[in-house]
Amino acid sequence: MSEASEYKKIVENLLGRLEYLLASGITDVPVERGAPPDGVPAAKDGLEALNNEIAGCVVCGFRDAKARPVAGAGNPRPVIMFIGGCPTVEDEKKGRPFSGGDGAQLEKIIAWMSSQAGFGIEEAYLCHAVKCRLPSGKGPSYEEAGACKSLLERQIKALAPKVIVALGPIAADFILGNPDVKGLRGRFHSFNGIKVMPTYDPATLIKAPALKKETETDMLLVIGELKKGQQA
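Figured I'd write up the structure that's included with this text. Because the structure is a prediction, the values reported are computed rather than measured. (Residues numbered from 1 in each chain as written. Predicted model: local features only at pLDDT ≥ 70, side-chain atom pairs only at ≥ 80, totals over all residues. Heavy atoms only, no water.)

### Things to note about the overall build of the chain
Here is step 1: Looking only at helices and strands, the chain features nine helices and six strands.
Here is step 2: Residues classed as buried in the chain amount to 45% of the 232 residues present.
Here is step 3: When contacts within the chain are restricted to residue pairs at least 6 apart in sequence, those whose partners lie at least 24 apart make up 73%.
Here is step 4: Carbon and sulfur atoms form 55% of the exposed surface of the chain, whose accessible area is close to 11,600 Å². (Helix = DSSP H or I, 4+ residues; strand = E, 2+ residues; numbered from the N terminus. Buried < 20%, exposed > 50% of the residue type's maximum accessible area, 1.4 Å probe, protein only. Contact = heavy atoms within 4.5 Å. Areas by Shrake-Rupley, 256 points an atom, 1.4 Å probe, with all protein chains shown as cover.)

### Quick word on the sheet that holds strand E6 (residues 194-199)
Here is step 1: Strand order across the open sheet formed by six strands is E1-E3-E2-E4-E6-E5, with mixed pairing between neighbours. One side of each edge strand has no neighbouring strand; the edge strands of this open sheet are strand E1 (73-74) and strand E5 (189-191).
Here is step 2: The pairing of strand E4 (residues 163-167) with E6 spans five bridges and is classified as parallel. The residue bridging Leu167 from the neighbouring strand is Thr199, located in E6.
Here is step 3: Those strands touched by helix H6 (residues 169-176) are strand E2 (80-84), E4, E5 and E6, and its axis lies near 130° from that of E4.
Here is step 4: This element, helix H9 (residues 212-228), spans E2, E4 and E6 of the sheet and lies at about 165° to E6. (Pairing = 2+ DSSP bridges. Axes fitted to C-alpha atoms, helices over the stretch in contact; angles between N-to-C directions.)

### Structural notes on the pairing of strand E3 (residues 124-128)
Here is step 1: Buried residues dominate E3, accounting for five of its five residues.
Here is step 2: Here E3 shows a buried face lined by Ala124, Leu126 and His128 and a second buried face lined by Tyr125 and Cys127.
Here is step 3: Relative to E3, E1 is paired through two bridges, and the arrangement is antiparallel. Counted as the bridge partner of Ala73 is Leu126 from E3.

### Points about the pattern of salt bridges
Here is step 1: Summed over all chains, the structure comprises seven salt bridges.
Here is step 2: Glu214 serves as the salt-bridge partner of Arg185, at 3.4 Å between the closest nitrogen and oxygen. With Arg185 in the loop between helix H7 (181-184) and E5 and Glu214 in helix H9, this residue pair connects regions lying 29 residues apart in the sequence.
Here is step 3: Judged by relative accessible area, Arg185 falls into the buried class, the value being 16%.
Here is step 4: You can call Glu214 partly exposed: its relative accessible area is 25%. (Salt bridge = Lys/Arg side-chain N within 4 Å of Asp/Glu carboxyl O.)

This is the structure we're talking about:
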């Protein structure tokens, strides 16, 4: 391949990546650590296809006809993936995860982590374990959980983050098979070779601010893990 062809390929890859980020609502260009430029379009295309599948999903058969699945948003090659429980009314309206008060709380957590570790929300991917909003006070049924779990596992495989943060009992149960956040938090677990840190979800932190200290402790462990991959 000629030098001119190599430059053309790199530019095309970067343009493909920027288009995806803009479509996700991200206006800052993320700094990736070691991801090859020519791998970005394939990751983008595969993720877009999966997200389109999620948007039209009716697999579980229990989805309300008015429900709008929320796939996720963020960097297609993230260093970290934040996975919540299920979308809120605001998420469903905007078609993006963490769009309401819980999102504002999560942004504070990520901003604090950024000040400690030198990465920002532009290097993260956000989604929920359950893709559709559930009625208030209702957890996912066995059928709903099974359908969404398969989609979530495929998302994780496509994104291949270095660390997953499981926010709340539904996310912890989907990924680790255990909803006991209190018992699981404070140490890393593993999902298909990816390190997972369970911690409290943003909505819980809003209701119980005293738990923020424990969440900070969890995020310090995540920061330490992310710093291992940073080259001086």
